[in-house]
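Structure assessment
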Amino acid sequence: MRPGSRRNAVTWAMKEKRYNQKRACALAGIDPRVYRRVSKRPADTELRGRLKKLSSERRRFGYRRLHILLTREGWHVNWKKLYRIYREEGLTVRKRGGRKRAVGTRTPMAIPQGPNQRWSLDFVSDSLSCGRRFRILNVIDDFSRECLAAVVDTSLSGNRVARELDRIAEMRGYPCMVVSDNGTELTSNAILKWQEDRKVDWHYIAPGKPMQNGFVESFNGRMRDECLNEHLFDSLRHARQLIAAWRKDFNHHRPHTSLAGLTPAEYANRSVKDQNLNRANLN
(Lines give C-alpha, C1' and ligand atoms only; values in the text may rest on other atoms or scores of the structure.)
Protein backbone atom coordinates (compact mmCIF):
# COMPACT_ATOMS: atom_id res chain seq x y z
CA MET A 1 0.00 0.00 0.00
CA ARG A 2 1.11 3.54 -0.74
CA PRO A 3 1.26 6.22 1.98
CA GLY A 4 -1.94 7.80 0.68
CA SER A 5 -3.80 4.51 0.99
CA ARG A 6 -2.39 3.97 4.48
CA ARG A 7 -3.53 7.44 5.53
CA ASN A 8 -7.01 6.63 4.29
CA ALA A 9 -6.93 3.38 6.26
CA VAL A 10 -5.92 5.23 9.43
CA THR A 11 -8.67 7.81 8.95
CA TRP A 12 -11.24 5.04 8.43
CA ALA A 13 -10.08 3.16 11.57
CA MET A 14 -10.24 6.33 13.69
CA LYS A 15 -13.72 7.31 12.48
CA GLU A 16 -15.43 3.94 12.11
CA LYS A 17 -13.69 1.84 14.78
CA ARG A 18 -12.96 4.64 17.23
CA TYR A 19 -9.29 3.69 17.50
CA ASN A 20 -6.82 6.26 18.71
CA GLN A 21 -4.30 7.60 16.23
CA LYS A 22 -1.34 5.60 17.55
CA ARG A 23 -3.16 2.25 17.35
CA ALA A 24 -4.64 2.99 13.94
CA CYS A 25 -1.24 3.94 12.56
CA ALA A 26 0.30 0.75 13.96
CA LEU A 27 -2.38 -1.38 12.31
CA ALA A 28 -1.95 0.41 8.96
CA GLY A 29 1.84 0.24 9.16
CA ILE A 30 2.48 3.98 8.99
CA ASP A 31 4.34 6.29 11.36
CA PRO A 32 2.07 8.82 13.16
CA ARG A 33 4.39 11.63 12.04
CA VAL A 34 3.90 10.60 8.41
CA TYR A 35 0.14 10.52 8.95
CA ARG A 36 0.12 14.01 10.48
CA ARG A 37 2.41 15.50 7.85
CA VAL A 38 0.62 18.02 5.63
CA SER A 39 1.73 17.92 2.00
CA LYS A 40 3.06 21.20 0.61
CA ARG A 41 2.82 19.95 -2.97
CA PRO A 42 0.55 22.17 -5.12
CA ALA A 43 -2.76 20.69 -6.22
CA ASP A 44 -2.19 21.53 -9.93
CA THR A 45 -5.94 21.57 -10.41
CA GLU A 46 -5.85 23.30 -13.81
CA LEU A 47 -3.12 21.02 -15.13
CA ARG A 48 -4.95 17.91 -13.95
CA GLY A 49 -8.17 19.12 -15.54
CA ARG A 50 -6.50 19.85 -18.88
CA LEU A 51 -4.62 16.55 -18.81
CA LYS A 52 -7.84 14.61 -18.15
CA LYS A 53 -9.62 16.48 -20.95
CA LEU A 54 -6.82 15.75 -23.42
CA SER A 55 -6.68 12.09 -22.43
CA SER A 56 -10.44 11.78 -22.90
CA GLU A 57 -10.10 13.27 -26.39
CA ARG A 58 -7.01 11.16 -27.20
CA ARG A 59 -7.82 7.97 -25.38
CA ARG A 60 -4.97 5.97 -26.94
CA PHE A 61 -2.25 8.58 -26.30
CA GLY A 62 0.31 7.92 -23.57
CA TYR A 63 1.89 10.51 -21.32
CA ARG A 64 4.73 11.26 -23.76
CA ARG A 65 2.43 12.44 -26.54
CA LEU A 66 0.19 14.23 -24.05
CA HIS A 67 3.30 16.01 -22.76
CA ILE A 68 4.05 17.22 -26.31
CA LEU A 69 0.49 18.48 -26.73
CA LEU A 70 0.60 20.33 -23.40
CA THR A 71 3.94 21.91 -24.31
CA ARG A 72 2.41 23.16 -27.54
CA GLU A 73 -0.35 24.83 -25.53
CA GLY A 74 2.21 26.65 -23.36
CA TRP A 75 2.30 24.42 -20.28
CA HIS A 76 5.79 24.28 -18.75
CA VAL A 77 5.84 21.03 -16.82
CA ASN A 78 8.56 18.44 -16.29
CA TRP A 79 7.73 15.07 -17.86
CA LYS A 80 8.40 13.30 -14.54
CA LYS A 81 5.80 15.44 -12.78
CA LEU A 82 3.37 14.91 -15.65
CA TYR A 83 3.91 11.15 -15.43
CA ARG A 84 3.18 11.23 -11.68
CA ILE A 85 -0.07 13.15 -12.22
CA TYR A 86 -0.88 10.88 -15.16
CA ARG A 87 -0.60 7.82 -12.90
CA GLU A 88 -2.44 9.43 -9.98
CA GLU A 89 -5.39 10.26 -12.20
CA GLY A 90 -5.56 6.69 -13.50
CA LEU A 91 -5.05 7.68 -17.13
CA THR A 92 -2.70 4.85 -18.09
CA VAL A 93 -3.53 3.39 -21.51
CA ARG A 94 -4.47 -0.26 -21.27
CA LYS A 95 -2.75 -2.43 -23.82
CA ARG A 96 -5.02 -4.46 -26.04
CA GLY A 97 -4.19 -8.13 -26.33
CA GLY A 98 -2.84 -9.51 -29.58
CA ARG A 99 -2.16 -12.87 -31.07
CA LYS A 100 1.26 -14.48 -30.71
CA ARG A 101 3.57 -14.03 -33.66
CA ALA A 102 6.68 -15.89 -34.69
CA VAL A 103 9.87 -13.99 -33.94
CA GLY A 104 12.39 -13.92 -36.76
CA THR A 105 15.34 -11.84 -37.95
CA ARG A 106 14.45 -8.20 -38.50
CA THR A 107 16.41 -6.25 -41.10
CA PRO A 108 16.02 -2.46 -40.84
CA MET A 109 14.62 -0.74 -43.91
CA ALA A 110 16.55 2.02 -45.64
CA ILE A 111 14.81 5.34 -44.97
CA PRO A 112 14.24 7.63 -47.98
CA GLN A 113 16.15 10.91 -47.93
CA GLY A 114 13.33 13.12 -49.19
CA PRO A 115 9.55 13.31 -49.64
CA ASN A 116 7.84 11.58 -52.55
CA GLN A 117 10.70 9.15 -53.08
CA ARG A 118 8.86 6.07 -51.86
CA TRP A 119 5.21 5.33 -51.10
CA SER A 120 3.86 2.33 -49.19
CA LEU A 121 0.44 0.74 -49.80
CA ASP A 122 -1.66 -1.65 -47.78
CA PHE A 123 -5.28 -2.52 -47.00
CA VAL A 124 -7.16 -2.51 -43.69
CA SER A 125 -10.55 -4.16 -43.17
CA ASP A 126 -13.37 -3.33 -40.77
CA SER A 127 -17.16 -3.60 -40.60
CA LEU A 128 -20.18 -1.33 -40.18
CA SER A 129 -22.54 -1.66 -37.24
CA CYS A 130 -24.85 -3.73 -39.47
CA GLY A 131 -22.05 -6.24 -40.10
CA ARG A 132 -21.24 -5.21 -43.66
CA ARG A 133 -17.51 -5.33 -44.35
CA PHE A 134 -15.50 -2.51 -45.92
CA ARG A 135 -11.85 -1.93 -46.77
CA ILE A 136 -9.44 0.98 -46.52
CA LEU A 137 -6.56 1.60 -48.92
CA ASN A 138 -3.80 3.44 -47.05
CA VAL A 139 -1.02 5.22 -48.94
CA ILE A 140 1.96 6.48 -46.90
CA ASP A 141 4.97 8.62 -47.77
CA ASP A 142 7.80 6.67 -46.12
CA PHE A 143 9.96 9.78 -45.58
CA SER A 144 7.51 12.09 -43.80
CA ARG A 145 5.07 9.35 -42.61
CA GLU A 146 2.22 11.40 -44.13
CA CYS A 147 -0.96 9.54 -44.96
CA LEU A 148 -1.49 10.56 -48.59
CA ALA A 149 -4.83 8.78 -48.88
CA ALA A 150 -7.21 6.60 -46.88
CA VAL A 151 -9.73 5.36 -49.43
CA VAL A 152 -12.82 3.71 -47.90
CA ASP A 153 -15.10 1.46 -49.94
CA THR A 154 -16.66 -1.99 -49.96
CA SER A 155 -14.57 -3.05 -52.96
CA LEU A 156 -11.18 -1.76 -54.11
CA SER A 157 -10.04 -3.31 -57.39
CA GLY A 158 -6.72 -2.87 -59.16
CA ASN A 159 -8.26 -0.28 -61.49
CA ARG A 160 -9.54 1.70 -58.49
CA VAL A 161 -6.09 1.59 -56.86
CA ALA A 162 -4.51 2.91 -60.08
CA ARG A 163 -7.04 5.78 -60.26
CA GLU A 164 -6.36 6.74 -56.65
CA LEU A 165 -2.60 6.75 -57.23
CA ASP A 166 -3.07 9.02 -60.25
CA ARG A 167 -5.24 11.34 -58.16
CA ILE A 168 -2.50 11.65 -55.51
CA ALA A 169 0.15 12.16 -58.21
CA GLU A 170 -1.79 15.10 -59.65
CA MET A 171 -1.11 16.98 -56.40
CA ARG A 172 2.35 15.63 -55.49
CA GLY A 173 3.86 14.09 -58.59
CA TYR A 174 4.73 10.43 -59.09
CA PRO A 175 7.04 8.65 -56.62
CA CYS A 176 10.29 6.94 -57.51
CA MET A 177 9.11 3.66 -55.96
CA VAL A 178 6.00 2.04 -54.49
CA VAL A 179 6.19 -0.77 -51.92
CA SER A 180 3.35 -3.23 -51.32
CA ASP A 181 2.55 -6.85 -50.54
CA ASN A 182 1.49 -9.45 -53.09
CA GLY A 183 -2.29 -8.99 -52.82
CA THR A 184 -4.37 -9.79 -55.87
CA GLU A 185 -5.39 -6.13 -56.36
CA LEU A 186 -1.75 -5.01 -56.33
CA THR A 187 -0.49 -7.73 -58.72
CA SER A 188 -3.33 -7.29 -61.22
CA ASN A 189 -2.86 -6.39 -64.89
CA ALA A 190 -4.18 -2.89 -64.16
CA ILE A 191 -1.39 -2.21 -61.66
CA LEU A 192 1.29 -3.81 -63.86
CA LYS A 193 0.20 -1.57 -66.73
CA TRP A 194 0.08 1.48 -64.44
CA GLN A 195 3.66 1.08 -63.25
CA GLU A 196 4.89 0.45 -66.78
CA ASP A 197 3.11 3.51 -68.23
CA ARG A 198 4.13 5.83 -65.36
CA LYS A 199 7.73 4.54 -65.21
CA VAL A 200 7.44 3.91 -61.45
CA ASP A 201 9.43 1.12 -59.79
CA TRP A 202 7.21 -1.26 -57.79
CA HIS A 203 8.73 -3.41 -55.07
CA TYR A 204 6.79 -6.41 -53.75
CA ILE A 205 7.79 -7.60 -50.28
CA ALA A 206 8.52 -11.25 -49.59
CA PRO A 207 5.41 -13.33 -48.73
CA GLY A 208 4.83 -13.54 -44.99
CA LYS A 209 7.24 -10.66 -44.24
CA PRO A 210 4.99 -7.67 -43.40
CA MET A 211 7.83 -5.83 -41.62
CA GLN A 212 9.47 -5.31 -44.99
CA ASN A 213 6.63 -2.82 -45.41
CA GLY A 214 6.98 -1.57 -41.85
CA PHE A 215 5.97 2.09 -42.26
CA VAL A 216 2.47 1.39 -43.54
CA GLU A 217 2.09 -1.56 -41.14
CA SER A 218 2.85 0.79 -38.25
CA PHE A 219 0.34 3.29 -39.59
CA ASN A 220 -2.29 0.57 -39.90
CA GLY A 221 -1.78 -0.29 -36.25
CA ARG A 222 -2.25 3.35 -35.19
CA MET A 223 -5.38 3.64 -37.32
CA ARG A 224 -6.80 0.44 -35.86
CA ASP A 225 -6.00 1.44 -32.28
CA GLU A 226 -6.93 5.13 -32.35
CA CYS A 227 -9.76 5.24 -34.91
CA LEU A 228 -11.32 1.95 -35.99
CA ASN A 229 -11.48 0.43 -32.50
CA GLU A 230 -12.77 3.69 -31.02
CA HIS A 231 -15.86 4.14 -33.23
CA LEU A 232 -18.95 2.31 -34.45
CA PHE A 233 -19.67 3.16 -38.08
CA ASP A 234 -23.35 3.45 -38.96
CA SER A 235 -22.82 3.73 -42.71
CA LEU A 236 -20.10 3.90 -45.32
CA ARG A 237 -20.51 7.68 -45.44
CA HIS A 238 -20.11 7.88 -41.67
CA ALA A 239 -16.93 5.77 -41.85
CA ARG A 240 -15.48 8.00 -44.58
CA GLN A 241 -16.14 11.14 -42.55
CA LEU A 242 -14.56 9.83 -39.33
CA ILE A 243 -11.56 8.27 -41.08
CA ALA A 244 -10.95 11.44 -43.13
CA ALA A 245 -11.06 13.53 -39.92
CA TRP A 246 -8.64 11.15 -38.19
CA ARG A 247 -6.29 11.21 -41.21
CA LYS A 248 -6.25 15.03 -41.16
CA ASP A 249 -5.52 14.99 -37.43
CA PHE A 250 -2.75 12.40 -37.94
CA ASN A 251 -1.02 14.51 -40.59
CA HIS A 252 -1.35 17.94 -38.98
CA HIS A 253 -1.81 17.59 -35.21
CA ARG A 254 -0.70 14.18 -33.90
CA PRO A 255 2.93 14.26 -32.68
CA HIS A 256 5.06 11.47 -34.15
CA THR A 257 7.71 10.15 -31.78
CA SER A 258 10.01 8.92 -34.57
CA LEU A 259 9.98 12.48 -36.02
CA ALA A 260 11.16 14.09 -32.75
CA GLY A 261 7.63 15.04 -31.76
CA LEU A 262 6.80 16.80 -35.04
CA THR A 263 3.72 16.06 -37.08
CA PRO A 264 4.24 14.49 -40.54
CA ALA A 265 3.21 17.76 -42.21
CA GLU A 266 5.68 19.77 -40.09
CA TYR A 267 8.45 17.30 -40.83
CA ALA A 268 7.77 17.41 -44.59
CA ASN A 269 7.71 21.23 -44.64
CA ARG A 270 10.91 21.43 -42.61
CA SER A 271 12.52 18.97 -44.99
CA VAL A 272 11.58 21.09 -48.00
CA LYS A 273 13.02 24.20 -46.29
CA ASP A 274 16.22 22.33 -45.43
CA GLN A 275 16.60 21.11 -49.00
CA ASN A 276 16.08 24.62 -50.39
CA LEU A 277 18.64 25.96 -47.92
CA ASN A 278 21.17 23.33 -48.97
CA ARG A 279 20.65 24.19 -52.65
CA ALA A 280 21.13 27.89 -51.89
CA ASN A 281 24.38 27.15 -50.03
CA LEU A 282 25.66 25.05 -52.91
CA ASN A 283 24.89 27.82 -55.42
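Conventions we followed
- Starting afresh in each chain, residues are numbered from 1 along the sequence in its written order.
- With the structure being a predicted model, the display of local features is reserved for residues of pLDDT at least 70 and the display and counting of side-chain atom pairs for 80 or more, all residues being used for whole-chain, interface and lining totals.
- Note that water and hydrogens are dropped before the side-chain values are worked out from all heavy atoms of the structure.
- Put simply, DSSP H or I for four residues or longer makes a helix, DSSP E for two residues or longer makes a strand, and each gets a number counted from the N terminus.
- Radius of gyration means the value over C-alpha atoms here, while the globule rule gives 2.2 Å times the residue count to the 0.38 power.
- In this analysis, two residues are considered to be in contact whenever any of their non-hydrogen atoms come within 4.5 Å of each other.
- Under the convention used here, a 1.4 Å probe and the Shrake-Rupley method define accessible areas, while residue burial counts only the protein chains that appear.
- In this scheme, strands are said to pair when DSSP sees at least two bridges between them.
- Think of each axis as a best-fit line through the C-alpha atoms, taken over the contacting stretch in the case of a helix, with angles from 0 to 180 degrees between the N-to-C directions.
- Exposed residues in this analysis have more than 50% of their type's maximum accessible area, buried residues have under 20%, and partly exposed residues fall in between, with area computed by a 1.4 Å probe over protein chains only.
- As annotated, the domain borders come from an automatic or database domain assignment.
- As used in this record, nonpolar core signifies buried Ala, Val, Leu, Ile, Met, Phe, Trp, Tyr and Cys residues forming a set joined through side-chain atoms within 4.5 Å.
- Should a side-chain nitrogen of Lys or Arg be within 4 Å of a carboxyl oxygen of Asp or Glu, the pair is scored as a salt bridge.
- By definition in this entry, angles of less than 35 degrees are roughly parallel, angles greater than 145 are roughly antiparallel, angles of 65 to 115 are roughly perpendicular, and the rest are oblique.
- Take the far helix as the reference: if the near one is turned anticlockwise from it by less than a right angle, the crossing is left-handed, and if turned clockwise, right-handed.
- Classification of ring pairs uses Phe, Tyr and Trp, with its six-membered ring standing for Trp, and accepts pairs whose centres are within 6.5 Å; under 30 degrees between planes counts as stacked, over 60 as edge-to-face, and the remaining range as tilted.

As annotated in an unreviewed UniProt entry, the chain is Putative transposase from Sulfitobacter mediterraneus.

**Focus: the overall build of the chain**
When helices and strands are tallied, the chain shows 11 helices and five strands. Radius of gyration (C-alpha) of the chain: 26 Å, far over the 19 Å computed for a compact globule of 283 residues. Put simply, 57% of the contacts in the chain that link residues at least 6 apart link residues at least 24 apart. By element, 49% of the accessible surface of the chain is carried by carbon and sulfur atoms, the whole surface being about 17700 Å².

**Overview of the sheet that holds strand 4 (residues 177-180)**
The mixed open sheet is built from five strands, whose spatial order is 3-2-1-4-5. If you trace the sheet from one side to the other, it starts and ends with strand 3 (147-153) and strand 5 (201-204), each paired once. The average undirected angle you get between the axes of adjacent strands in this sheet is 20 degrees. Pairing of strand 1 (residues 118-127) with strand 2 (residues 133-141) involves nine bridges; the strand directions are antiparallel. Paired with L121 across the two strands is V139, which belongs to strand 2. Packed on one face of the sheet, helix 10 (residues 236-252) meets strand 2 and strand 3 and runs near 170 degrees to strand 3.

**Overview of the pairing of strand 2**
Of all nine residues in strand 2, seven are buried, a share of seventy percent or more. Linking two consecutive strands that pair antiparallel, namely strand 1 and strand 2, is a turn of five residues; a positive phi of about 100 degrees is found at G131 within it. Summarising the sheet, strand 2 and strand 3 pair through six bridges and their orientation is antiparallel. Paired with I140 across the strands is C147, a residue of strand 3. Linking strand 2 back to strand 3 in an antiparallel pair, the connection comprises five residues, with R145 at a positive phi of about 65 degrees.

**What about the domain arrangement of the chain?**
Domain assignment breaks the chain into domain 1 (1-40), domain 2 (43-93) and domain 3 (118-271). Each of domain 1 and domain 2 was reduced to a C-alpha centroid, and the two centroids are 30 Å apart.

**Section: the nonpolar core**
With 19 residues, the main nonpolar core has W119, L121, L137, V139, V161, L165 and W202 as its most contacted residues. Listed by contribution, the elements that provide at least two residues to this core are strand 1, strand 2, strand 3, helix 7 (158-172) and helix 8 (189-198). It is helix 7 that provides the largest number of residues to this core, a total of four residues.

**Observations concerning the pattern of salt bridges**
As enumerated under the stated definition, the model contains 24 salt bridges in all. D166 is the salt-bridge partner of R198, the closest N and O atoms lying 2.8 Å from each other. Of the two residues, R198 is situated in helix 8 and D166 in helix 7; the sequence distance between them amounts to 32 residues. Since its relative accessible area comes to 30%, R198 is described here as partly exposed. For D166, a relative accessible area of 17% translates into the label buried. The structure contains a network of salt bridges with shared partners spanning R48, K52, R84, E88 and E89.

**Quick look at the packing of helix 4 (residues 45-57) against helix 5 (residues 63-72)**
Where helix 4 contacts helix 5, the axes come no closer than 11 Å and their chain directions differ by 120 degrees. Taken together, helix 4 and helix 5 sit at an angle that is classed as oblique. Crossing of helix 4 against helix 5: the hand is right-handed. On helix 5, the residues touching L47, R50, L51, L54 and S55 of helix 4 are L66, L69 and L70.

**Remarks on unusual backbone geometry**
Not every positive phi belongs to a glycine, and K199 is a case in point at roughly 60 degrees. Summarising the element assignment, K199 is placed in the loop between helix 8 and strand 5. One non-glycine residue, A260, adopts positive backbone phi at about 60 degrees. In this fold, A260 is placed in the loop between helix 10 and helix 11 (264-282).

**Describing the packing of aromatic side chains**
Counted under the stated rule, the structure contains 11 aromatic pairs. A ring pair is formed by Y63 and W79, whose centres lie 6.3 Å apart and whose planes are at 20 degrees; its orientation type is stacked. You can see Y63 sitting in helix 5 and its partner W79 sitting in helix 6 (residues 79-88), a full 16 residues away along the chain. What makes W79 partly exposed here is its relative accessible area of 44%. Ring plane angle 50 degrees and centroid distance 5.9 Å describe the contact between Y63 and Y86, whose orientation is recorded as tilted. Of this pair, Y63 sits in helix 5 while Y86 sits in helix 6, placing them 23 residues apart in sequence.

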